[in-house]
Amino acid sequence: QTKVLQHGAHRVGKRTDAEMATWRGYGLGQFIHWGVYSLFGGELNGNYYNGAAEWIRSWKDMPHGVYDSAYKQFNPASFNATQWAKMAKQMGVRYVTFTTKHHDGFCLWPSKYTDYTIANSPYKKDIVKQVVDAYSKEGIDVYLYFSVMDWHNPDWRYDLKTKEDSAAFERFKLFTKNQLTELLQQYPQTKGLWFDGTWDNSWKKSGAFTDTLEQYLKTLHPGLIIGSRFRADEFGNRHVDANGVLMGDYEQGWERKIPKTYADVHGNDWDCVMTIPENGWGYQKKWLGHWKSTNEILEMTAQCVSLGGNFVLNFGPRADGTFRPEEVTIAKEAGDWMKINSAAIYNCEYTGWEKQDWGYYTKKTGENKVYMIVFNVPVSGSLKIKPAKNTLVDKAYLLTAPGKNLSLEKLDYGASFIHVSSTGYKQPFVIVLETKEGSEKSDEQK
Ligand SMILES: C[C@@H]1N[C@@H](c2cn(-c3ccccc3)nn2)[C@H](O)[C@@H]1O
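The written sequence of each chain sets the order in which its residues are numbered from 1. Local features in this predicted model are restricted to residues of pLDDT 70 or higher, and side-chain atom pairs are both shown and tallied only at a pLDDT of 80 or more, whereas totals for entire chains, interfaces and linings draw on every residue. Derived side-chain values reflect all non-hydrogen atoms in the structure, with water molecules and hydrogen atoms excluded from consideration.

### Some details on the confidence of the model for the chain
Part 1 of the reasoning: For every residue, the predictor assigns a confidence score, pLDDT, that lies between 0 and 100. This prediction gives the chain a mean pLDDT of 97; 99% of its residues lie at or above 70.
Part 2 of the reasoning: Predicted as a complex, the structure gets a pTM of 0.97 and an ipTM equal to 0.97.

### Examining the packing of helix H4 (residues 81-91) against helix H5 (residues 127-137)
Part 1 of the reasoning: At a minimum axis separation of 8 Å, H4 and H5 run at an interaxial angle of 40°. By the angle between their directions, the pair H4 and H5 is classed as oblique. Every pair of crossing elements has a handedness; the one defined by H4 and H5 is right-handed. Across from Ala81, Thr82, Trp84, Ala85 and Ala88 in H4, the residues of H5 making contact are Gln130, Val131, Ala134 and Tyr135. To obtain each axis, a line is fitted to C-alpha atoms, and for helices this fit is confined to the stretch in contact; angles are then taken between N-to-C directions over 0 to 180 degrees. Helix numbers and strand numbers start at the N terminus; a helix is a DSSP run of H or I with at least 4 residues, a strand a run of E with at least 2. Between 65 and 115 degrees an angle is taken as roughly perpendicular, under 35 as roughly parallel, over 145 as roughly antiparallel, and anywhere else as oblique. When the near helix sits turned anticlockwise from the far one by under a right angle, the crossing is termed left-handed; a clockwise turn instead gives a right-handed crossing. Throughout, a contact is declared for two residues whenever any of their heavy atoms are within 4.5 Å.

### Examining the pairing of strand S9 (residues 270-274)
Part 1 of the reasoning: Most of S9 is tucked away: 5 of the 5 residues are buried.
Part 2 of the reasoning: Buried means the residue's accessible area, taken with a 1.4 Å probe over protein chains only, is under 20% of the maximum for its type, while exposed means over 50%, and partly exposed covers the values in between. Judged by which residues are buried, S9 turns out to be covered on both faces: Trp270, Cys272 and Met274 on one side and Asp271 and Val273 on the other are all buried.
Part 3 of the reasoning: When DSSP finds at least two bridges between two strands, those strands are taken to pair. Pairing between strand S8 (residues 251-255) and S9: 3 bridges, direction parallel. When the sheet's bridge partners are listed, tryptophan 254 is paired in S9 with cysteine 272.
Part 4 of the reasoning: In terms of strand pairing, S9 meets strand S10 (residues 310-315) through 4 bridges, oriented parallel. Considered in S10, the bridge of valine 273 is made with valine 312.
Part 5 of the reasoning: Following the backbone out of S9, through helix H9 (residues 294-306) and into the adjacent parallel S10, one traces a crossover that is right-handed. Look down the strands so they point away from you; if the path from the first strand over the helix to the second goes clockwise, the crossover is right-handed.

### Structural notes on the packing of helix H6 (residues 163-186) against helix H8 (residues 207-220)
Part 1 of the reasoning: Between H6 and H8, the shortest axis-to-axis distance is 11 Å and the interhelical angle comes to 20°. Put simply, H6 runs roughly parallel to H8. As for how H6 packs across H8, the hand of that crossing is right-handed. Packed against H6, whose contacting residues are Lys173, Lys177, Leu180, Thr181, Leu184 and Gln185, the element H8 presents Phe209, Leu213, Tyr216, Leu217 and Leu220 at the interface.
Part 2 of the reasoning: Along the lines of polarity and charge, the residues of the contact of H6 with H8 split into 7 nonpolar, 2 polar and 2 charged. Under the scheme applied, nonpolar residues are Ala, Val, Leu, Ile, Met, Phe, Trp, Tyr, Cys and Pro; charged residues are Asp, Glu, Lys and Arg; polar residues are all the others, including Gly.

### Overview of the site of the ligand
Part 1 of the reasoning: Close contacts around the ligand come from His33, Glu54, Trp55, His102, His103, Tyr145, Trp194, Asp196, Trp199, Arg229, Glu255 and Trp281, and that covers them all.
Part 2 of the reasoning: Counting of polar contacts relies on pairs of N or O atoms within 3.5 Å, with two restrictions inside protein: one atom must be capable of donating a hydrogen and the other of accepting it, and residues adjacent in sequence are counted only when both atoms are side-chain atoms. A distance of 2.7 Å is found between an oxygen atom of the ligand and a side-chain nitrogen or oxygen belonging to histidine 33.
Part 3 of the reasoning: Within the side chain of histidine 102, an N or O atom sits 2.8 Å from an oxygen atom of the ligand.
Part 4 of the reasoning: Contact with the protein chains removes 69% of the 440 Å² of surface that the ligand exposes when unbound.
Part 5 of the reasoning: Grouping the amino acids of the shell around the ligand by side-chain chemistry returns 5 nonpolar, 3 polar and 4 charged. Put simply, a residue is near a molecule or strand once any heavy atom of it comes within 4 Å of that molecule or strand. In this description, accessible areas are obtained by the Shrake-Rupley approach with a 1.4 Å probe, and a residue is regarded as covered only by the protein chains that are shown.

### Here's the deal with the pattern of salt bridges
Part 1 of the reasoning: Salt bridges are counted wherever a side-chain nitrogen of Lys or Arg sits within 4 Å of a carboxyl oxygen of Asp or Glu. Enumeration according to the criterion identifies 26 salt bridges in this entry.
Part 2 of the reasoning: Between arginine 57 and aspartate 68 there is a salt bridge; the shortest N-O distance is 2.8 Å. Pair noted here: arginine 57 is in the loop between strand S3 (47-48) and helix H3 (64-69) and aspartate 68 is in helix H3, with a separation of 11 residues, a long-range link.
Part 3 of the reasoning: We note a salt bridge from aspartate 249 to lysine 218, for which the minimum N-O separation is 2.6 Å. In this pair, aspartate 249 is assigned in the loop between strand S7 (225-226) and S8 and lysine 218 in helix H8, connecting sequence segments 31 residues apart.

### Regarding H8
Residues spaced three or four apart along an α-helix face the same direction, because each turn holds 3.6 residues.
Part 1 of the reasoning: Multiplying 1.5 Å by the residue count of a helix minus one yields the expected span of that helix. Compared with the 20 Å implied by 1.5 Å per residue over 14 residues, the 20 Å span of H8 between its first and last C-alpha is a close match.
Part 2 of the reasoning: Taken residue by residue, H8 has Gly207, Phe209, Thr210, Asp211, Leu213, Glu214 and Leu217 as its buried positions.
Part 3 of the reasoning: On its buried face, H8 is in contact with H6, strand S6 (192-196), helix H7 (201-204) and S7.

Structure, rendered in C-alpha cells:
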C-alpha cells in the first residue's frame with residue numbers, strides 16, 4: 001500500500017538529464033579527506049587510536065582542548081593543489097570529492113558563519129577554492145563533501161528531546177543552510193554535494209527541512225547532484241522513503257562495500273567510496289592491517305562499473321599537503337593501467353550477461369561493444385562467454401591488438417570459448433567483443 005508522502009522521493013527512477021549522464025559515465029573517482037585530524041595521523045603521545053583517524057577527536061585519550069586548538073598548527077607549507085590535480089589526472093579519475101568540513105567542524109574555506117576556519121589558521125588561505133580551481137582546470141569535476149554533524153558548533157544536537165534542543169537545532173539548521181549557500185555561491189564550478197553525518201535522530205526528525213533545503217540548493221544551483229545520504233522523509237526514513245523509493249540522485253550507502261549482484265542496486269545510480277587501508281579516511285601515520293594493492297583496486301573499479309556504478313578511491317594527505325608513498329604509487333600504477341584500458345571503464349554500464357569467473361563485463365553506453373576485463377585466467381586458458389539473449393558476438397580482440405581477431409569456439413546453449421595463454425599475466429587485460437543483434441541457431445535448428 002503506497003503511502004502519500006509530503007517529504008519522500010519526488011522522482012522514481014534515475015535522473016535523465018545531461019549532468020547525471022556525465023556522472024553515470026565517470027567510472028573512477030577520487031575522495032580526499034584532509035583537515036585538522038591530518039595533524040594527528042591517528043596518534044597522540046605515541047599512542048595509536050584504533051578507530052578511523054578522522055574520528056580521533058572522539059577518542060577517549062584525546063582531550064577536546066588539545067584537538068580544538070590544533071588548527072593553530074595547521075600550515076600546509078607543501079600544499080600544491082595543482083600537483084594534487086595532476087596526480088589525479090594521471091590516475092585517470094574523472095571526479096573528485098573533497099572534504100570542506102568533516103565532523104569536527106573545521107572549515108577548509110573562510111566561512112562567514114564560524115571562526116573555526118582555515119582563515120584563522122597560520123595558513124589563512126582558502127583551500128577549497130584552490131582545490132576546486134586546480135581540479136576543474138585539469139578537467140576533473142569537483143564535488144564537495146560536507147558533514148552535517150558538527151562537533152564544534154554548540155547548537156549541534158544528536159537528538160531533539162527538549163524545547164532547548166529544538167531551539168538550538170533551529171539555529172543549527174540555519175547555520176547549515178548558510179554554509180551550504182556560501183559554498184555553492186563561492187565555488188560555482190561544484191557539480192554536487194556529498195553529505196555525511198546525517199544518521200542521528202536530530203536529522204531524522206528534520207525530514208521536512210531536508211526536503212525544503214535540498215530543493216533550495218537545487219534552485220540555487222540547477223543540475224546539482226546530491227546523493228541519498230542527505231534526505232529524511234517525514235517518518236525519519238533515510239536513503240529510501242517509506243515507499244522504498246530512493247531519496248537522492250544516486251544511492252550513497254556503498255561506503256567501503258561493493259554490491260554483490262545487480263539486484264542489490266535496485267535500478268539506482270550508485271557509487272562506492274573506498275579506503276586503501278581497511279578503514280580510516282584521514283591521514284594515518286601507521287596503516288593497521290591490510291591495504292589494497294593496485295590490482296585489488298582495479299578489480300574493485302571493474303566490479304563497480306560492471307554493476308552500473310562508479311568506484312571512488314580515498315586519499316588521506318598528510319597535514320603538510322604531501323601524499324604518502326603508497327598512495328602516490330597506487331595513483332601512478334592505476335593511471336598506467338587506465339591509460340591503456342580506460343575504454344572499458346569510462347562511459348560503460350551493466351551488460352546483463354551471465355557473470356563468469358574470469359572477471360567482469362562492461363558495456364559501452366550506446367554502442368555495440370562489450371568489454372571483458374579479465375582478472376582470473378583459468379589453467380585451461382579457456383574463457384567462457386555467454387552473451388545475452390538475441391546478442392551475437394561478431395568479433396573478439398584484445399583491446400591492445402584490435403587488428404588480431406581472437407578465435408571463438410562455439411559451445412552449446414549460445415556460449416563460446418575464447419582461448420588465451422594460461423600464464424604470464426601481471427595485471428588485468430581487456431578483450432573487446434563487437435556484438436550485433438541476432439540469436440544462435442539452436443541445436444535442433446542446425
Ligand atoms: C566517508 C566516510 N564517512 C564517515 C563516517 C562513517 N561513519 C559511520 C557512522 C556510523 C556507522 C558506520 C559508519 N562515521 N563517519 C567517515 O569519517 C568518512 O568521512
